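Examination of the molecular architecture
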Amino acid sequence: MSKEPVAIVGIGQTKHVAARHDVSIAGLVREAAARALADAELTWADIDAVVIGKAPDFFEGVMMPELYLADALGAVGKPMLRVHTAGSVGGSTALVASNLVAARVHRTVLTLAFEKQSESNAMWGLSLPVPFQQPLLAGAGGFFAPHVRAYMRRTGAPDAVGSLVAYKDRRNALKNPYAHLHEHDITLEKVQASPMLWDPIRYSETCPSSDGACAMILTDRAGAARSPKPAAWVHGGAMRSEPTLFAGKDFVSPQAGKDCAADVYRQAGITDPRREIDAVEMYVPFSWYEPMWLENLGFAAEGEGWKLTEAGVTELDGDLPVNPSGGVLSTNPIGASGMIRFAEAALQVRGQAGEHQVPGARRALGHAYGGGAQFFAMWLVGAEEPTS
Amino acid sequence: MARYAREVAVVAFAQSDHLRRTDELSEVEMVMPVLHRVLAATGLKAGEIGFTCSGSSDYLAGRAFSFTMTLDGVGAWPPISESHVEMDGAWALYEAWVKIQTGEADTALVYSYGKSSPGSVRDVLTRQLDPYYVAPLWPDAVALAALQARALIDSGETDESALAAVGARSRDAAAANPHAQLRGPVPQGDYQVRPLRTGDCPPVGDGVAAVVLAAGDLARRLCERPAWITGIDHRIEAHSLGLRDLTDSPSTRLAAAHAGVFDAPVDTAELHAPFSSQEIVLRKALGLADDVTVNPSGGALAANPMMAAGLIRIGEAAARIHRGASRRVVAHATSGPCLQQNLVAVLEGDAR
């Protein structure tokens, strides 16, 4: 049975900032959705269904906000689904929307993810004390730092690799008008001199807290034919999950991430990701996750990921650019961060990424993860319609 | 069945006993036995399931990412293809149904759960409302339902004795449902918020539901009488109560039309109507004839575990087809204040 090919024909983001005091949550999401519609040259009436995602409701203090946001997203009278898969949610949301088109249930779907972190405090939103359950140790950094240490010990990676990633991503962000952090005076020395937060993770190697939203318009082959701008095509997409804590779990390179990537590559006909993929938008909330995910996603052999980073392979002008947009390290509206990765991958293969465009990008990977490195969502997009 | 690419059926359904309190149980402990039962009914193991999808709410659990813990109950190792909606499990079933329609999975495990007992669910649900203009006033769920009931009575569509009859009939029916929280004669009781009395309102409770979906011939192998989902659709309305006619449910009617409810008569309806007055609204929107059996399980007035009550309606509808008690059933789930968002599915047995 053949699936309907899925095309991304509209992409919209807000300018991500620490606090959007000028708009409500509804105003924020509508801004991104309206930009995606304008990009696709479509109107609200062209949308058959809405799929919305965000990370936990506690971050804004609104339970099931899709109910309140139905009006702002033009969903009244339409189907509206709300996806929540922790930090991977932005990617999962795009995949659920993509499946609606692939299954020929709907023809044109608006998908959107957001976070307005300024409405509350994400660190404490993640740290609600529940009796007899392990809290997330005062924010995500406390949870992930030991796994970074394990990676360093396992691979012998030199201490400087993490700061190289942060320095690269913050410079890339300067080329992305929507990125939150625009640190014009950034230097490698400044990254390395920033305070240690969760050893070995320094302040400048962590993501900011952002307000922002990202939206995409997904459509079928007929919709793509009408699109005024080049479409990005979905060549493969998958989600994988594993438990949070169990004996034998590999926190450095989770099996769910490996399986998810393998499924996406199989669907897209990729046999050598390092050579066949032109750009990667990877979920890197703490700088060391770039070398870790390079291995997990099959771009480098086990223990070798840091060598690609150190050699400049992942720089914007390297031969495997990672996070040309500046990535999560420069922009982190948590619930939207995964969708931004997916959307930036699509922008690359549409040739619409502006100053942070990777020249000639034909195939790009969007990647997201969440929870205790246990939820994974990825898609591979291409400039050409998939052949199978 | 040419409407969709693939035939998909509910092949198994299981639920917990719905209880007023489950202080001694974690969510994982609540979920696990139900998952084991639903899988046992099909003979499938967790690792053989093509796609898993769940529904729950962090606000009921009182912590962020609460569903990460219940994943332990699934046994997600080796890693599984899995997703979650922060919605009633009926919408998780919808996502799973779409996944099977793409051809990427042939089977799906769907589950949802909610523990309302640790807090005041009346207060918790106020956090669903517009956060700037309405939620700060803390209008609780019963008060909002009472507004809807009052509008219905004022429009002449019902009266208090008719509402009382809905409650009495539901709990009578629940006498035969071993999982229900309230069974048999339940006094109409005092006014909670006029015009709604205790008997017009759902019990507050904790519970779990799970369903297995399968496609085509696999469904026929796994289940003697598969409950085919011949149509499924859901629609949302404006959030503000002032923008809606509370005596009607246009989103239910629209979803029903898309799901094909009106193409042929149904013999049974499982409606997610937590308040007696909402059954009146839904009957009208779905155009149910007087001879349709409504909520033979007792419905949400007998057991209303948040996030699971809608999935239970689909499960109960399917179980009747599995037993041969019904042939064409409409199942309905709702979300949001005063029936803001509604899902409608048609389930049919093979002609025989």
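Because the structure is a prediction, the values reported are computed rather than measured.

1. A look at the overall build of chain B
Secondary structure assignment for chain B yields 11 helices and 12 strands. In terms of principal-axis extent, the alpha carbons of chain B reach across some 50 × 45 × 40 Å. Sorting the 352 residues of chain B into buried and exposed places 66% on the buried side. Within chain B, residue pairs in contact and separated by at least 24 positions form 78% of the contacts whose partners lie at least 6 positions apart. Within the structure as shown, chain B displays about 11700 Å² of accessible surface, and the carbon and sulfur contribution to it stands at 53%. Of the charged side chains in chain B, 31 are positive and 41 negative, and the gap between their average positions amounts to 3 Å.

2. With respect to the overall build of chain A
For chain A, the helix and strand inventory stands at 14 helices and 11 strands. Taken against the 2.2 N^0.38 rule, which gives 21 Å for 388 residues, the C-alpha radius of gyration of chain A at 19 Å falls within 12% of a compact globule. Counting only C-alpha atoms, chain A reaches 55 × 45 × 45 Å along its principal axes. Evaluated residue by residue, chain A yields a buried proportion of 66% over its 388 residues.

3. Focus on the UniProt feature "domain: Thiolase C-terminal" (unreviewed entry) in chain A
UniProt feature "domain: Thiolase C-terminal" (unreviewed entry): in the numbering of this structure it lies at residues 243-374 of chain A. Between the C-alpha atoms that bound residues 243-374 of chain A there is a distance of 6 Å. The span itself is 40% helix and 8% strand.

4. Topic: the pattern of salt bridges
For the structure on display, the rule yields 46 salt bridges over all chains. Between B:Glu279 and B:Arg283 there is a salt bridge; the shortest N-O distance is 3.1 Å. Placement of the pair is B:Glu279 and B:Arg283 together in helix 10 (residues 276-286), with a separation of 4 residues, close to one helical turn. B:Arg283 sits in the partly exposed class, given a relative accessible area of 24%. A cluster of three or more residues bridged by salt bridges with shared partners is formed by A:Arg20, A:Asp22, A:Glu31 and A:Arg35.

5. A few points about the environment of A:Ala193
Residue and element names in this part refer to chain A. Relative to the helices and strands, Ala 193 is located in helix 7 (residues 188-193). With a relative accessible area of 64%, Ala 193 lands in the exposed category. For the pair formed by Ala 193 and Ser 204, sequence separation is 11 residues and the distance between their alpha carbons is 8.8 Å.

6. As for the environment of A:Tyr265
Residue and element names in this part refer to chain A. In this structure, Tyr 265 sits in helix 9 (residues 255-268). Along the chain, Tyr 265 and Tyr 289 lie 24 residues apart, while their C-alpha atoms are 21 Å from each other. In this structure, Tyr 265 is in contact with Ile 270, Pro 273, Ile 277, Leu 297, Phe 299, Leu 365 and Leu 380, ignoring residues within four places of it in sequence. At 2.7 Å, the side chain of Tyr 265 and the backbone oxygen of Leu 297 are in polar contact.

7. Some remarks on the interface of chain B and chain A
The partner chain A presents 57 residues to the 58 residues of chain B that form the contact. Carbon and sulfur atoms make up 66% of the area that chain B and chain A hide from each other, which totals about 5100 Å². The largest share of the area that chain B buries against chain A comes from B:Tyr59, B:Phe65 and B:Ile236, three residues that together contribute 13% of it. Inspection of the region where chain B meets chain A yields 1 salt bridge.

8. Overview of a nonpolar patch on the surface
Together, B:Tyr132, B:Tyr133 and B:Val134 give the surface a local cluster of nonpolar side chains, amounting to about 320 Å² of exposed area. By the element assignment, B:Val134 lies in the loop between helix 5 (121-124) and helix 6 (141-154).

9. Details of helix 7 (residues 160-173) of chain B
In this model, helix 7 of chain B (14 residues) spans 20 Å end to end at C-alpha, consistent with the 20 Å of a helix rising 1.5 Å per residue. Turning to helix 7 of chain B, the residues buried within the fold contact helix 6 and helix 10 of chain B.

10. Quick look at the side chain of A:Ser287
All names here are of chain A. Take Ser 287: it is sitting in the loop between strand 9 (279-281) and helix 11 (289-296). Within the structure, the side chain of Ser 287 is placed 2.9 Å from the backbone oxygen of Gly 162, a separation counted as a polar contact. Sequence-distant contacts of Ser 287, defined by excluding residues within four places in its chain, comprise Gly 162, Ser 163, Val 165, Ala 166, Glu 205 and Leu 329.

About the criteria used
Residues numbered from 1 in each chain as written. Chains lettered and ligands numbered in written order. Predicted model: local features only at pLDDT ≥ 70, side-chain atom pairs only at ≥ 80, totals over all residues. Heavy atoms only, no water. Helix = DSSP H or I, 4+ residues; strand = E, 2+ residues; numbered from the N terminus. Buried < 20%, exposed > 50% of the residue type's maximum accessible area, 1.4 Å probe, protein only. Contact = heavy atoms within 4.5 Å. Areas by Shrake-Rupley, 256 points an atom, 1.4 Å probe, with all protein chains shown as cover. Lys, Arg positive; Asp, Glu negative; His and termini not counted. Charge placed at Lys NZ, Arg CZ, Asp CG, Glu CD. Rg over C-alpha atoms; globule rule 2.2 N^0.38 Å. UniProt positions renumbered as here; feature names shortened; annotations may be inferred. Salt bridge = Lys/Arg side-chain N within 4 Å of Asp/Glu carboxyl O. Polar contact = N/O pair within 3.5 Å; in protein donor to acceptor, adjacent residues only side chain to side chain. Buried area = accessible area lost by both parts, 1.4 Å probe. Patch = residues over 30% accessible without salt bridge, like charges linked within 9 Å, V, L, I, M, F, W, Y side chains within 5 Å. Expected span 1.5 Å × (residues − 1).

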